[in-house]
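What follows is the residue order along each chain.
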Amino acid sequence: MLVLILASPLSAAHGVGDAALLEHLSRPPMLAAVSMSRDGHFLSALRRNGDQSELVVWYADAGVEEAEVLPYAFEDLDWLAWVGGGRLLLSLNEYGLVLYDAHVRRLRPLIDGEGPRPGDLPPVLLSSLPEDPRRILLQWEDPGVPGYPAVYRVDAVSGESEKIVGGWKPVIRWWAAPQGEAILGEGFVSRRHRLFAPRADGSWKMIRDRDYFDDDALAVLAVETGGATALVLSSHQSDTRALWRMDARSGDFIKKLAGHDRFDIIAAILDPETNMAVGATFEEDGIEDIVWASLHRDRLQEMAKRAKVPNLSLVTASVDGRRQLYRGRLKHAPPRYFLYDAEIDLLSLLPYDPADDTLPSPDTEGVWIDLPKGKGQMHALLSRAHTRRAIVLVHGGPVKRVTAGYNPFVSWLTANGYSVLQPNFRGSSGFGEKWRRAGYAEWGHDMQDDVRTATEWLIDQDIAERGHICVVGGSYGGYAALMSAIKDDDLIGCAVSLNGVTSIELLIRHLKEGRFHMLTIPRIQGRLSKWALRRRSPLNRADLVRVPVLLLHATHDTNVRFEHGQLMHTVLTRLEKDHNFIVLQGAEHQLKRPADKRIYYRNTLNFLDAHIGSRAP
């Protein structure tokens, strides 16, 4: 069966499953990305309005019902940050900077004169200058040094800007102390990663020079208060990345703050009042925090107990400590936010959708799967449905990982009778450098073997029957699903690819158009020849596809261009292979619009039921 579907919203007759559940899982949360001004007087959030998320600001004592709606939706925003008390700084996707003064309810362009321009490097907030609430420290492209940013001090009241550090090669990212001094410059030359620090005479010296792929990992997280030290992630002392305090002037490591034998540290927890590290975060099955500052730890534990949410984190606090904003992570629903008022000792739950309490809660656990030939163990998340039908859901990236938490797509699949196994195959991040680097140049080979191993494990554990398994994924995961349709037809009954790579050669050609392609292509290609890349590409092996395939591709995908899906559809059609092709008109690589998510969820379920589920022959 060869079907081309142009994906305008479909009527209920085309779908299966609970329509109300589909609607709920695909729509935005009632409140998301909640943040608080430094003076504690105002809150901002993305609030649901139908299928849109609109930006709102409200006075903390009045409640969100009295919020002012700003003329921006989720899709318009690059980032936002509270600066100078009650001023909300917005960076728009076209790189414009606007400032909303909540005290007087006034919205205006931030810069009076020349600022960031469309097509330039996007602006980055370096410091909100808590000791000087009128001013902000930002970087944007230096007009005199195209492609490289300068550091600017901006007066938020007058809109005047002053360049304090000019752009120069190869620095593309500046790091500043909270007080406003540029402390580190970070840049890349081909695949060399370099850090620079200022000398006493105002010139800059290189303090770190490493090969991005072959040397120990190093990632800057923040400059601490005072500017003498920086927080970095490094693997120089172990296979996993640990959190270190580094001398910002010399690049020397001073102290290891946190580490884990099996998992990478992925973030530092900063005290919002002092900007000093009080803890660190890693991912096991879910997100886990290590908090060594007793005052911070005791406060979190107390608030988590009062909120009745085990996974609670501090988002921010007012400078006087009176108000604190917390976020609670749930397994079955979007995060919930809590506002604590120390003056009256009251912890308040911000509004959320009560219907969230009725959402299905998948039975999810972490498992370790032995790889063949003693090549180690692979971590995976298993969500059980107890039906002997299963999905191997392959994550994108591929240098990412899956973590337990709210996943609407997994909730949709398990609620409709499909167990879901999400493997963190070789090449995934979070499990140390050896595991990450074991995926270099292994597309279609070792990484693909791990997908097969995950599929075999489902059968061996009697979770699913042979032939009643489908491999599903997006981006790299879509690539892996298509390769499984070629290599694993003895195990699976179908494959689903969302915005999947179909030609590695075509992907590399696209990546070479980017400025920093030397930081991505070596990881994919290694020393493989063009012939080898074609042998590992679904587009060039489509004649070997032996199970039904569902292709979905977004027309506005800039990561994996639409032609990947088009070409695969053309070849499968010519070869008379059983497949469906759905065009997600106007969608992007990540499906942001609820209507696109519904098309993906509904058609995937319909396809699964037809080939491995209740309606399978």
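Each chain has its residues counted from 1, following the order in which its sequence is written. Note on the predicted model: pLDDT of at least 70 is required for a residue's local features to be given, and 80 or more for side-chain atom pairs to be given and counted; whole-chain, interface and lining totals, by contrast, use all residues. As a rule here, side-chain values come from all non-hydrogen atoms in the structure, and water together with hydrogens is ignored.

As for the environment of glycine 85
Here is step 1: Tracing the chain through its elements places glycine 85 in the loop between strand E6 (77-83) and strand E7 (87-92).
Here is step 2: Note: C-alpha distance between glycine 85 and leucine 325 (240 residues apart in sequence) is 15 Å.
Here is step 3: Pairs of residues are marked as contacts when any of their non-hydrogen atoms sit within 4.5 Å. The residues touching glycine 85, leaving out its near neighbours within four places in the chain, are Ser37, Arg38 and Asp39. Numbered from the N terminus, helices here are DSSP runs of H or I no shorter than four residues, and strands are runs of E no shorter than two.

What about the sheet that holds strand E23 (residues 277-283)?
Here is step 1: Only strands that DSSP links by at least two bridges are regarded as paired with each other. The antiparallel open sheet is built from 3 strands, whose spatial order is E22-E23-E24. The sheet is open, and its two edges are formed by strand E22 (265-270) and strand E24 (287-291), each paired on a single side. Recorded for the sheet is a direction-independent mean angle of 25° between the axes of neighbouring strands. Orientation is described by lines fitted to C-alpha atoms, with helices fitted over the stretch in contact, and by angles between N-to-C directions that extend from 0 to 180 degrees.

Digging into helix H5 (residues 446-460)
Here is step 1: Residue count minus one, scaled by 1.5 Å, sets the expected span of a helix. The end-to-end C-alpha distance of H5, which contains 15 residues, comes to 20 Å, matching closely the 21 Å that a straight helix rising 1.5 Å per residue would cover.
Here is step 2: Classification of residues uses two cut-offs on accessible area relative to the type maximum, computed with a 1.4 Å probe and protein chains only: under 20% is buried, over 50% is exposed, and between them is partly exposed. Of all 15 residues in H5, 11 are buried, a share of seventy percent or more.
Here is step 3: Buried within H5 we find Asp446, Met447, Gln448, Asp450, Val451, Thr453, Ala454, Thr455, Trp457, Leu458 and Ile459.
Here is step 4: Just downstream of H5 lies aspartate 462, where phi reads positive at about 60°.

Considerations on the side chain of glutamine 324
Here is step 1: Tracing the backbone through its elements, the reader meets glutamine 324 in strand E26 (residues 323-329).
Here is step 2: Within the structure, the side chain of glutamine 324 is placed 2.6 Å from the side chain of tyrosine 326, a separation counted as a polar contact.
Here is step 3: Those residues in contact with glutamine 324 that sit more than four places away from it in its chain are Met36, Arg299, Met303, Leu314, Thr316, Ala317, Phe338, Leu339 and Tyr340. N or O atoms within 3.5 Å of each other form a polar contact, as long as, within protein, one can give a hydrogen and the other can take it, and as long as residues adjacent in sequence are counted only when both atoms are side-chain atoms.

Comments concerning the side chain of histidine 24
Here is step 1: You can see histidine 24 is positioned in helix H1 (residues 19-26).
Here is step 2: For histidine 24, a relative accessible area of 10% gives the class buried.
Here is step 3: Looking at histidine 24, its side chain comes within polar contact range of the side chain of aspartate 356, at 2.7 Å.

Digging into the packing of H1 against helix H11 (residues 594-611)
Here is step 1: It is the contact of H1 with H11, at a shortest axis distance of 9 Å, that shows an interaxial angle of 130°. Put simply, H1 runs oblique to H11. Taken as a pair, H1 and H11 cross one another with a handedness that is right-handed. Within the contact between the two elements, H1 uses Leu22, Glu23, Leu25 and Ser26 and H11 uses Pro594, Lys597, Arg598, Tyr601 and Arg602.
Here is step 2: When residues are sorted by character, Ala, Val, Leu, Ile, Met, Phe, Trp, Tyr, Cys and Pro go into the nonpolar class, Asp, Glu, Lys and Arg into the charged class, and all the rest, Gly among them, into the polar class. Tallied by class, residues from the contact of H1 with H11 come to 4 nonpolar, 1 polar and 4 charged. Note on angle classes: values under 35 degrees are labelled roughly parallel, values over 145 roughly antiparallel, values of 65 to 115 roughly perpendicular, and the remainder oblique. Left-handed is the label given to a crossing in which the near helix is rotated counterclockwise from the far helix by less than a right angle, and right-handed is the label when the rotation is clockwise.

Observations regarding the nonpolar core
Here is step 1: Counting residues in hydrophobic clusters, the biggest one holds 68 residues, and the most contacted among them are Leu421, Trp443 and Leu458.
Here is step 2: The biggest single contributor to this core is helix H6 (residues 476-487), with 8 residues.
Here is step 3: Setting aside residues no more than four positions away along its own chain, tryptophan 443 makes contact with Pro398, Tyr476, Tyr479, Val501, Ile504, Leu507, Ile524 and Arg536.
Here is step 4: We define a nonpolar core as any set of buried Ala, Val, Leu, Ile, Met, Phe, Trp, Tyr and Cys residues linked to one another through side-chain atoms lying within 4.5 Å. Formed by 48 residues, the second largest nonpolar core is a distinct cluster that contains Leu22, Val278, Leu300 and Leu591.

Regarding the packing of aromatic side chains
Here is step 1: Side-chain rings of Phe, Tyr and Trp, where Trp is taken by its six-membered ring, are said to pair if the distance between their centres is within 6.5 Å; with planes under 30 degrees apart they count as stacked, over 60 as edge-to-face, and otherwise as tilted. Tallied over the full model, the rule gives 24 aromatic pairs.
Here is step 2: Centre to centre, the rings of phenylalanine 562 and phenylalanine 581 are 6.2 Å apart; their planes meet at 20°, and the pair counts as stacked. Of this pair, phenylalanine 562 sits in the loop between strand E35 (549-554) and helix H10 (563-574) while phenylalanine 581 sits in strand E36 (residues 579-584), placing them 19 residues apart in sequence.
Here is step 3: Exposure remark for phenylalanine 562: the relative accessible area of 16% places this residue in the buried category.
Here is step 4: Since its relative accessible area comes to 2%, phenylalanine 581 is described here as buried.
Here is step 5: Feature note: the residues Phe188, Tyr212, Phe213, Tyr440 and Phe516 constitute an aromatic cluster, connected by ring pairs.
Here is step 6: The lysine or arginine in question, arginine 336, covers the ring of tyrosine 352, its NZ or CZ lying 3.8 Å from the ring centre. The rule is short: NZ of Lys or CZ of Arg within 6 Å of the ring centre and within 35 degrees of the ring normal puts a charge over the ring.

Points about the sheet that holds strand E10 (residues 124-127)
Here is step 1: Strand order in this open sheet of 4 strands is E10-E11-E12-E13, and the pairing throughout is antiparallel. Of all the strands in the sheet, just E10 and strand E13 (161-165) have a single pairing partner and so form its edges. Taking the axes of each pair of neighbouring strands and ignoring which way they run, one obtains an average angle of 35° across the sheet.
Here is step 2: Pairing of E10 with strand E11 (residues 135-141) involves 3 bridges; the strand directions are antiparallel. When the bridges of E11 are listed, valine 124 appears paired with glutamine 139.

So, the pairing of strand E20 (residues 242-247)
Here is step 1: Counting buried residues along E20, 5 of its 6 residues qualify, which places the element largely inside the surrounding structure.
Here is step 2: With 6 bridges joining them, strand E19 (residues 229-234) and E20 adopt antiparallel strand pairing. Bridged to serine 234 within E20 is alanine 242.

Examining the pairing of strand E15 (residues 182-189)
Here is step 1: Within E15, 7 of the 8 residues are buried, leaving the element largely enclosed by the surrounding structure.
Here is step 2: Linkage of strand E14 (residues 171-176) to E15, two consecutive antiparallel strands, is achieved through a turn of 5 residues, within which glycine 180 is found at a positive phi near 115°.
Here is step 3: Here E15 folds back onto strand E16 (residues 192-198) in antiparallel fashion, the turn holding 2 residues, of which serine 190 has a positive phi close to 55°.

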